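# A structural walkthrough
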Amino acid sequence: MPITTLVKQAYRLKHDVDHLNELSHHSDAFIVEWPKYREYDNKFVEPDEFKYPSHGVKFCGYESCLNDVDYLHNNVSWPIISRRMLTTLLEVKEFPHRTWDVPFLGFPDNVSEELLRQGLSGGIRHDEFVAVQLLDQLDIFDWENSVYTMSEALPGTISKVRKLALKEIEGGYPPIFRIKTKPVPLYVSLEGRAALEAANIKGIRFV
């Protein structure tokens, strides 16, 4: 009888945008712009401490999305999740992170995206979302078994990964994590995925 080896897996966490396609929207919500707001686009990717904008960040979004989505697709790619999604992940295993409360104002689906970017008065306030910064990047890229292309423009960095293999770590992966070699994507562990699915967390897709 052949021996079967059970290999633990991880999944890339992406946004499920099927509902956006049905509504002909590009995002669930849009940041209310201010000078230099783009400087914060990548700050949540790195584990270094940074000063959160003191003026008070605000997003405007579509009410139907804010009511039914836990992992919000937004125009600045901030990792914004519901408190319910965060609690679900923490119940699997603790992981080092920081969070910031992010208020949202919800509006009807017929409001234009341009108006949402500019910021509208009124709307229905939502306080159940947070921006999450992971304070660790796992050094688990398997250089021997991954298939990748090194960057010519940025020596020492990877430009494209065609096959991603990860090294196992003692105690298993955190329920959500970033990889030091390619820190932008978010990943979830097998246990993290199972917990999110069991909790019926919305707006997520696993690759």
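Anything mentioned here points back to the structure above.
These numbers come from a predicted model, not from an experiment. Throughout, residues of each chain are indexed from 1 in the direction in which the sequence is written. The predicted nature of this model means local features are confined to residues of pLDDT at least 70 and side-chain atom pairs, given and counted, to a pLDDT of 80 or more, with totals for whole chains, interfaces and linings taken over all residues. Side-chain numbers here rest on the full set of heavy atoms in the structure, without hydrogens or water.

## Considerations on the packing of aromatic side chains
Any two of the Phe, Tyr and Trp rings considered here, Trp counted by its six-membered ring, make a pair once their centres fall within 6.5 Å; the pair's planes then place it as stacked at under 30 degrees, edge-to-face at over 60, or tilted in between. Scanning all chains against the criterion turns up 19 aromatic pairs. On the basis of an interplanar angle of 70° and a centroid distance of 5.6 Å, the ring pair of Phe141 and Tyr148 is categorised as edge-to-face. Members of the aromatic cluster, each reached through a chain of ring pairs, are Trp34, Tyr37, Tyr40, Phe44, Phe50, Tyr52, Phe59, Trp78, Trp100, Phe104 and Phe129. Only lysine NZ and arginine CZ atoms are considered, and such an atom sits over a ring when it is within 6 Å of the ring centre and within 35 degrees of the ring normal. Taking NZ or CZ as reference, Lys43 lies 5.7 Å from the ring centre of Tyr40, over its face. Above the face of the Phe50 ring, Arg98 is positioned so that its terminal group lies 5.9 Å from the ring centre.

## Structural notes on empty space enclosed by the protein
Any residue with an atom within 4 Å of a point lines the site, the site being either a cavity, points on a 1 Å grid over the protein atoms alone where a 1.4 Å probe fits but cannot get out, or a pocket, an open set with protein on both sides within 12 Å along at least 5 of 7 lines. Grid points are joined across faces, edges and corners, and a volume is the space filled by probe spheres set on the points. A full pass over the atoms with the stated rule returns one cavity of 30 Å³ or more. Taken as a whole, the largest cavity spans an internal volume of roughly 60 Å³. What lines the largest cavity is Pro79, Ile81, Leu86, Leu89, Phe95, Val132, Leu134, Ile176, Arg178 and Leu186. Broken down by secondary-structure element, the contributors of at least two residues to the lining of the largest cavity are helix H3 (83-92) and strand S8 (129-134). Residues of the lining of the largest cavity, tallied by class, amount to nine nonpolar, no polar and one charged. Secondary structure elements are defined from DSSP: runs of H or I of at least 4 residues count as helices, runs of E of at least 2 residues count as strands, and each element is numbered from the N terminus. Following the grouping adopted for this structure description, the nonpolar residues are Ala, Val, Leu, Ile, Met, Phe, Trp, Tyr, Cys and Pro, the charged ones are Asp, Glu, Lys and Arg, and the polar ones are all others, Gly among them.

## A look at the nonpolar core
The definition of a nonpolar core used throughout is a set of buried Ala, Val, Leu, Ile, Met, Phe, Trp, Tyr and Cys residues joined through side-chain atoms within 4.5 Å. Relative accessibility under 20% of the residue-type maximum defines a buried residue, over 50% an exposed one, and the middle range a partly exposed one, all with a 1.4 Å probe and only protein chains included. In terms of nonpolar packing, the biggest core is built from 31 residues, with Ile31, Tyr52, Phe59, Trp78, Ile80 and Phe104 touching the most fellow members. Looking at this core, the elements that each hand over two or more residues are strand S2 (29-31), strand S3 (59-62), helix H2 (63-68), strand S6 (104-107) and S8. Working rule for contacts: check all heavy atoms of both residues, and any pair within 4.5 Å makes them a contact. Residues within four places of Tyr52 in sequence aside, it is in contact with Phe44, Val57, Trp78, Trp100, Asp101 and Val102. Residues Leu86, Ile176, Leu186 and Ile201 belong to the second largest nonpolar core, which totals 18 residues.

## With respect to the environment of Tyr40
Mapped onto the elements, Tyr40 comes out in the loop between S2 and S3. For Tyr40, a relative accessible area of 13% corresponds to the buried category. With near-sequence residues (within four places) excluded, Tyr40 lies in contact with Trp34, Phe50, Lys51, Pro53 and Trp78.

## Focus: the sheet that holds S3
DSSP bridges decide pairing: two strands pair if at least two such bridges lie between them. On the basis of which strands lie adjacent, the open sheet formed by four strands has the order S2-S3-S6-S7 and mixed pairing. Bordering the open sheet on either side are S2 and strand S7 (124-126), each of which pairs with just one other strand. Strand after strand, the sheet turns through a mean of 30° between neighbouring axes, direction not considered. Both S3 and S6 contribute to a ladder of four bridges, which runs parallel. Considered in S6, the bridge of Gly61 is made with Gly106. With axes taken as lines fitted to C-alpha atoms, and helix axes fitted only over the stretch in contact, angles between N-to-C directions fall between 0 and 180 degrees.

## As for the pairing of S8
For S8, the tally of buried residues reaches six of six residues, placing the bulk of the element in the interior. Side chains Phe129, Ala131 and Gln133 of S8 all project onto a buried face; the interleaved residues Val130, Val132 and Leu134 project onto the opposite face, where all are buried too. In terms of strand pairing, strand S4 (residues 80-82) meets S8 through three bridges, oriented antiparallel. Of the residues in S8, the one forming a bridge with Ile81 is Val130. Across five bridges, strand S5 (residues 97-101) lies against S8 in antiparallel orientation. Its bridge partner being in S8, His97 is matched across the sheet by Leu134.

## Observations regarding the state of the cysteines
When the sulfur atoms of two cysteines come within 2.5 Å, that pair is taken as a disulfide. One pass over the full model with this rule turns up zero disulfides. The cysteine Cys60 is free of any disulfide, with Cys65 supplying the nearest cysteine sulfur at 13 Å. A relative accessible area of 1% means that Cys65 is categorised as buried.

## Some details on the side chain of His25
Inspection of the secondary structure assignment puts His25 in the loop between helix H1 (18-23) and S2. Relative accessible area serves as the criterion here: at 11%, His25 is assigned to the buried category. At 3.4 Å, the side chain of His25 forms a polar contact with the backbone oxygen of Asp109. What His25 contacts, discounting residues up to four positions off in sequence, is Leu20, Tyr62, Asp109 and Glu113. What qualifies as a polar contact is a pair of N or O atoms within 3.5 Å, subject to a donor-acceptor requirement within protein and to the restriction that residues adjacent in sequence count only when both atoms come from side chains.

By themselves, these observations are geometric and do not establish any function.
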